[in-house]
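What the coordinates show
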Amino acid sequence: MFLVGLSGGIASGKSTVVAVFRELGCAVIDADVIARQVVQPRFLAYQQIVHNFGSEILLESGEINREALGNIIFSHPEKRQLLNAITHPKIQKEMLKQIFKYFVLGYRYVILDIPLLFETNTLTKFMKHTVLVYSDPQTQLSRLMKRNGLAQAEAEARITSQLPLDEKCKLADHVIDNSGDWESTRRQVLRLHSQLEDSLDFLLVRLVAVTAVAGIGGLVCFLLRHFLS
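Residues numbered from 1 in each chain as written. Predicted model: local features only at pLDDT ≥ 70, side-chain atom pairs only at ≥ 80, totals over all residues. Heavy atoms only, no water.

A word on the pattern of salt bridges. Following the criterion strictly, the structure yields 5 salt bridges and no others. Across the pair arginine 186 and glutamate 23 runs a salt bridge, and its minimum N-O distance is 2.5 Å. Separated by 163 residues along the polypeptide, arginine 186 in helix H10 (residues 182–198) and glutamate 23 in helix H1 (residues 14–23) bring together distant segments of the chain. In this structure glutamate 23 comes out as partly exposed when scored by relative accessible area, which is 49%. The closest approach of N and O atoms between glutamate 119 and lysine 168, which form a salt bridge, is 2.8 Å. (Salt bridge = Lys/Arg side-chain N within 4 Å of Asp/Glu carboxyl O. Helix = DSSP H or I, 4+ residues; strand = E, 2+ residues; numbered from the N terminus. Buried < 20%, exposed > 50% of the residue type's maximum accessible area, 1.4 Å probe, protein only.)

Moving on, we get to the environment of proline 115. Within the secondary structure, proline 115 is located in the loop between strand S3 (109–113) and helix H6 (117–120). Considering only alpha carbons, one finds proline 115 and aspartate 32, 83 residues apart in sequence, at a separation of 7.7 Å. Once residues within four sequence positions are removed from consideration, proline 115 is found in contact with Ser7, Gly8, Lys14, Ala31, Asp32 and Lys168. (Contact = heavy atoms within 4.5 Å.)

Mapping glutamine 188 onto the fold places it in helix H10. There is a polar contact of 2.8 Å between the side chain of glutamine 188 and the backbone oxygen of aspartate 177. If we skip the residues at most four places from it in the chain, glutamine 188 touches Val175, Ile176 and Asp177. (Polar contact = N/O pair within 3.5 Å; in protein donor to acceptor, adjacent residues only side chain to side chain.)

Our focus in this paragraph is the sheet that holds S3. Taken in spatial order, the 5 strands line up as S2-S3-S1-S4-S5 in an open sheet, and their pairing is parallel. Looking at the sheet topology across the chains shown, the edges are occupied by strand S2 (27–30) and strand S5 (174–177). Strand-to-strand twist across the sheet, computed as the mean angle between neighbouring axes with direction ignored, equals 25 degrees. In the sheet, S2 pairs with S3 via 4 bridges, with the strands oriented parallel. By the bridge assignment, valine 28 is partnered in S3 with isoleucine 111. Sheet strands touched by helix H5 (residues 77–105): strand S1 (2–7), S2 and S3. Its angle to S2, the strand with the most contacts, is close to 175 degrees. (Pairing = 2+ DSSP bridges. Axes fitted to C-alpha atoms, helices over the stretch in contact; angles between N-to-C directions.)

Moving on to the nonpolar core. Judged by nonpolar contacts, the single largest core of 34 residues is most densely connected at Ile29, Ile49, Met95, Val110, Leu112 and Ile114. The element that contributes the greatest number of residues to this core is H5, accounting for 6 residues. Counting the residues that make up this core, at least three belong to each of domain 1 (1–27 + 110–198) and domain 2 (40–106). Once residues within four sequence positions are removed from consideration, isoleucine 29 is found in contact with Ile34, Met95, Gln98, Ile99, Tyr102, Val110, Ile111, Leu112 and Asp113. By size, the runner-up hydrophobic cluster in this structure holds 17 residues, among which are Phe2, Leu6, Val17 and Ile111. (Core = buried A, V, L, I, M, F, W, Y, C linked by side-chain atoms within 4.5 Å. Domains from an automatic or database assignment.)

Any functional reading would require information beyond the geometric quantities listed.
This is the structure in structure tokens:
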């Protein structure tokens, strides 16, 4: 099994692409979903966030108000770094657990849906392939204004807070252009899925894993014979 990192930009249509991959039966690990899980009140990250950002970011239910927290980190980059330092280790730990689950189940590849894959640049080295969901600037702006009910200036500010999609295109192994209609995007996803399924990259990873397990098993047997003899 190998890892495929999937990313995009705000309102570029990444969720549309993910939906097609899921329809095809692909294993997808959504970093955003995990990020919401690890900040629930029963987890340590929740306590650390409340301690550093104050109770003003809480809803009446006691859960974190993601919009309020998002407004803080959007305006203060140092606060964004602090939040990342709290949550990223927990998110990565949960992602590793899910990767192992899909490895055991025999999937050829797993898609890691990571919104800031190219901005953080710490996880790309673990990806056999990276995929960017692209949308032309005007389409991206229009979608964001319509989706979030934002004025043009607000939408442009949110887009410019991220690495430009044109820059991300240069960093990605594959680009899915989501500027057009749904059927065009779907055809591109189908082609990419076919390429990944036909790839033999997963065989090398499994060979290494089997060799490692066999080596550890042999060492354990040797030690048991040594100490029991």
